[in-house]
Every structure is written in C-alpha cells, then in structure tokens.
Amino acid sequence: QQRRKTARRVTTLEVEEAVTGPKATEWPDPNKRYSASVPFLLHPKQLDGWVGGEKGFDPLGTTDAIPVYLMREAELKHGRVCMLATIGWIATDLGARFPAPVFQEVKSTVAAHDYLVENTFYMSEMLGIIGAIEVYGLWLLFKGWGGDIKRDAGDFFLGKNFLP
C-alpha cells in the first residue's frame with residue numbers, strides 16, 4: 001500500500017515569522033530589574049546592601065567574579081592613595097619640603113624620587129613602612145572578609161573620622 005503525500009497548508013503568520021524572524025519581546029522586560037545608572041543592563045544583585053549599590057553601577061560585571069567586599073576595599077585604597085599623591089605633588093611643586101637639608105636640595109617633584117634613591121636611605125625606610133602598612137591592611141582584609149572581626153571595607157580602626 002502506497003502512502004499519499006499530503007501538503008500542509010502554511011498560514012500567513014508562519015510565513016511572516018519565517019521571513020522576519022520571531023517577534024521581539026517587550027523591552028525592557030517588566031519581569032527583570034534594570035540598573036538605574038546604566039538602564040540597558042541588568043541590576044547586579046550582589047550590590048544590594050552596599051553603599052552605591054542602589055544605582056547598580058557595574059557595567060563590566062566585575063562583581064560577578066570578585067566579591068564586593070574586595071572591590072570596595074580596592075576602591076577606597078586607590079582613592080586614598082590618589083588623594084595623597086595629588087596633595088604631595090602640589091605641595092612639593094609649591095616649595096614645601098621636609099626640614100632636613102637633604103630634602104631642601106631636591107630641585108623638582110619629578111627628580112625627587114631619583115635624587116633620594118641615589119643620595120639617601122630614606123626611600124628604603126619608606127618602602128619598609130609602606131610594606132608594614134600593607135601587611136596590616138591585608139591581615140585586616142582577610143579577617144573582615146572572613147567574618148572573624150566586624151570591619152567595614154577600608155576601616156583601619158584609626159577612629160571613626162577615617163571611615164568612608
């Protein structure tokens with residue numbers, strides 16, 4: 001017995017969909033929460049509860065890979081270093097120097113590093129002090145992140161005036 005071939009009728013809607021592709025869904029999707037600062041991106045759930053998190057600004061999605069606590073710590077550290085460097089550069093260009101004679105001989109801000117490395121031992125001492133502060137900060141970071149101590153990111157327990 002031979003089978004009869006039957007043709008199926010194609011509707012106009014099926015033809016239109018085949019030519020133009022599926023219909024676009026409503027945008028923005030009312031079932032999703034979008035970022036207030038970058039409205040075409042989804043709001044990162046990790047930022048809820050953090051200062052600045054209510055705007056949902058994370059365009060690169062870094063908090064998907066790195067915990068917000070570490071990102072916040074890095075943000076505060078970089079901001080503080082930049083502020084100190086800016087003030088130091090401006091003060092040095094305006095002529096402010098430490099009182100020792102070796103510091104008075106420095107001609108410019110640009111030449112200060114090389115001059116002090118070649119003619120003094122102060123840069124080694126400064127490196128040691130900065131290294132000790134970094135080790136203390138790293139210890140605090142891991143203790144705070146692990147929940148061993150109650151610590152906000154950027155808090156070095158120097159007093160409430162230094163909190164962000």
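Scoring rules and cut-offs
Every residue gets a number counted from 1 within its own chain, in the order that chain's sequence is written. Whole-chain, interface and lining totals are the exception, using all residues; otherwise, since this is a predicted model, local features are given only for residues with pLDDT of at least 70 and side-chain atom pairs are given and counted only at 80 or more. The side-chain quantities take in all heavy atoms of the structure and omit both hydrogens and water. Counting from the N terminus, the helices are the DSSP runs of H or I reaching at least four residues and the strands are the DSSP runs of E reaching at least two. Note on definitions: a residue-residue contact is assigned when non-hydrogen atoms from the two residues lie within 4.5 Å. Each residue after the first adds 1.5 Å to the expected span of a helix. Here, nonpolar core means buried Ala, Val, Leu, Ile, Met, Phe, Trp, Tyr and Cys residues that are tied together by side-chain atoms lying within 4.5 Å of each other. Working definition: with a 1.4 Å probe on protein chains only, accessible area under 20% of the residue-type maximum means buried, over 50% means exposed, and in between means partly exposed. Every case where a carboxyl oxygen of Asp or Glu lies within 4 Å of a side-chain nitrogen of Lys or Arg is listed as a salt bridge.

S.K.: Before we go on, may I ask you to explain the environment of Tyr115 in this structure?
M.R.: Looking at where Tyr115 falls in the secondary structure, it is placed in helix H4 (residues 109-119). Measuring from C-alpha to C-alpha, the distance between Tyr115 and Trp145 comes to 40 Å, with 30 residues separating the pair along the chain. When near neighbours in sequence (up to four residues on either side) are disregarded, Tyr115 contacts Val102, Glu105, Val106 and Thr120.

S.K.: What should I look at first to understand helix H2 (residues 68-93) in this one?
M.R.: For an α-helix, 3.6 residues make a turn, and residues three or four places apart therefore share a direction. Taking 1.5 Å per residue as the helical rise, H2 with its 26 residues ought to reach 38 Å, and the 37 Å between its terminal C-alpha atoms agrees with that figure. If you follow the buried residues of H2, they end up packed against helix H5 (122-146). Directly after H2, the chain includes Gly95, whose backbone phi takes a positive value near 105°.

S.K.: Just to check I follow, could you spell out the nonpolar core for this structure?
M.R.: What tends to happen in soluble globular proteins is that the nonpolar side chains get buried as a cluster. One finds Val102, Phe103, Val106, Ala112 and Leu116 forming the largest nonpolar core, which totals five residues. Elements that contribute at least two residues to this core include exactly helix H3 (101-104) and H4.

S.K.: Any chance you could explain the pattern of salt bridges here in plain terms?
M.R.: Overall, the coordinates contain five salt bridges when judged by the stated rule. A salt bridge links Lys143 to Asp148, with the shortest nitrogen-to-oxygen separation between them at 3.8 Å. In this structure Asp148 comes out as exposed when scored by relative accessible area, which is 55%.

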